[in-house]
Amino acid sequence: MRRLTAAGLVLGGILFLTACVPGSEPTSQTGSPIFDRARTAADELPATVDGNVDPNTSRYAGEDSAGNEYWVTNETDSNIECIVYVPPDDADNLVFCSGPGLSATTADGRIIEFASSPSQLSRDNAELVGDTLLVKAPNS
């Protein structure tokens, strides 16, 4: 029985250490579950996005009912999460970065928050975008 317990502890330690190997997928400080999946081609940020974000960590979150698109990424050289907002005309995209409880407001009054750590929105008063973001349009 002692050998079985010792083998279990060794295996657990190996699994723990492999999770810390450099080059593994980024982890999230706010716990956004979107980072739990591997990146795909659809996760590429639009070329017009300019900001202090790491394009290698981007994940496409989805599109709201007004046609605005959203990505989630990490800030360059950190695990601080960012929300990338891209309106249909792709001209005035915005990047918001912060720690847990990020609440971003666009120039037109749209409020965006992570569904995993909302600070003022809920599924009752905002649109859920891709199981990742809560978005409340102005005057809604």
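Here the structure is shown first, and the text comes after it.
An account of the accompanying structure is given in this report. (Residues numbered from 1 in each chain as written. Predicted model: local features only at pLDDT ≥ 70, side-chain atom pairs only at ≥ 80, totals over all residues. Heavy atoms only, no water.)

## Things to note about the pairing of strand 1 (residues 53–63)
Logical step 1: Sheet topology note: the strand 1/strand 2 (residues 69–75) ladder contains six bridges and is antiparallel. Bridge pairing links Glu63 to Glu69 in strand 2.
Logical step 2: Connecting the antiparallel pair strand 1 and strand 2 is a turn made up of five residues, with Gly67 showing a positive phi of about 90°. (Pairing = 2+ DSSP bridges. Helix = DSSP H or I, 4+ residues; strand = E, 2+ residues; numbered from the N terminus.)

## Things to note about the sheet that holds strand 7 (residues 127–129)
Logical step 1: Reading across the sheet, the four strands line up as 5-6-8-7 and stay open at both edges, with antiparallel pairing between neighbours. Two strands close off the open sheet at either side, each with one partner strand: strand 5 (103–105) and strand 7. For this sheet, the mean angle separating the axes of adjacent strands, direction not counted, is 25°.
Logical step 2: Relative to strand 8 (residues 133–136), strand 6 (residues 111–114) is paired through four bridges, and the arrangement is antiparallel. Directly across from Glu113, in strand 8, lies its bridge partner Leu134. (Axes fitted to C-alpha atoms, helices over the stretch in contact; angles between N-to-C directions.)

## Here's the deal with the state of the cysteines
Logical step 1: The full count for this structure, using the stated rule, is one disulfide.
Logical step 2: One disulfide in the model links Cys82 with Cys97; its S-S distance is 1.9 Å. Classification of the bridge connecting Cys82 and Cys97 rests on its S-S torsion, roughly 105°, and on that basis the disulfide is right-handed. Note that Cys82 is positioned in strand 3 (residues 81–86) and Cys97 in strand 4 (residues 94–98), a separation of 15 residues in sequence.
Logical step 3: Exposure remark for Cys82: the relative accessible area of 0% places this residue in the buried category. (Disulfide = S-S within 2.5 Å. Buried < 20%, exposed > 50% of the residue type's maximum accessible area, 1.4 Å probe, protein only.)

## Some points on the sheet that holds strand 1
Logical step 1: Overall, antiparallel pairing links the four strands, which are arranged 1-2-3-4 in an open sheet. Two strands bound the open sheet, and with one partner strand each, they are strand 1 and strand 4. Taking the axes of each pair of neighbouring strands and ignoring which way they run, one obtains an average angle of 25° across the sheet.

## Notes on unusual backbone geometry
Logical step 1: Even without glycine at this site, Asp77 takes up a positive phi of about 60°.
Logical step 2: With respect to the secondary-structure elements, Asp77 resides in the loop between strand 2 and strand 3.
Logical step 3: The class for Asp77 is exposed, based on a relative accessible area of 79%.
Logical step 4: Residues other than glycine seldom take positive phi values, yet Asp131 does so here, at roughly 60°.
Logical step 5: Within the secondary structure, Asp131 sits in the loop between strand 7 and strand 8.

## Structural notes on the nonpolar core
Logical step 1: By size, the foremost hydrophobic cluster in this structure holds 15 residues, and its most contacted members are Tyr70, Val72, Ile83, Ile112 and Leu133.
Logical step 2: Put simply, the parts of the chain that give this core at least two residues each are strand 2, strand 3, strand 6 and strand 8.
Logical step 3: Apart from residues no more than four positions distant in its own chain, Ile112 is found in contact with Tyr70, Ile83, Tyr85, Phe96, Leu102, Ser103, Ala104, Thr106, Leu133, Leu134 and Val135.
Logical step 4: With seven residues, the next largest nonpolar core counts Val49, Cys82, Val84 and Val86 among its residues. (Core = buried A, V, L, I, M, F, W, Y, C linked by side-chain atoms within 4.5 Å. Contact = heavy atoms within 4.5 Å.)

## Some remarks on the packing of aromatic side chains
Note on aromatic pairs: each is described by the distance of the centres and the angle between the planes.
Logical step 1: Enumeration according to the criterion identifies two aromatic pairs in this entry.
Logical step 2: Pairing Tyr60 with Trp71 gives two aromatic rings, centres 4.8 Å apart and planes at 65°, and the pair type is edge-to-face. In this pair, Tyr60 sits in strand 1 while Trp71 sits in strand 2, placing the two residues eleven residues apart along the sequence.
Logical step 3: A residue is classified by how much of its surface remains accessible, and Trp71, at 5% relative accessible area, is buried.
Logical step 4: Seen from their ring centres, Tyr70 and Tyr85 are 5.8 Å apart, and the 50° between their planes marks the pair as tilted. With Tyr70 in strand 2 and Tyr85 in strand 3, this residue pair connects regions lying 15 residues apart in the sequence. With respect to burial, Tyr70 and Tyr85 carry one shared label: buried. (Phe/Tyr/Trp six-rings, centres within 6.5 Å; stacked < 30°, edge-to-face > 60°.)

In short, geometric facts, not functional conclusions.
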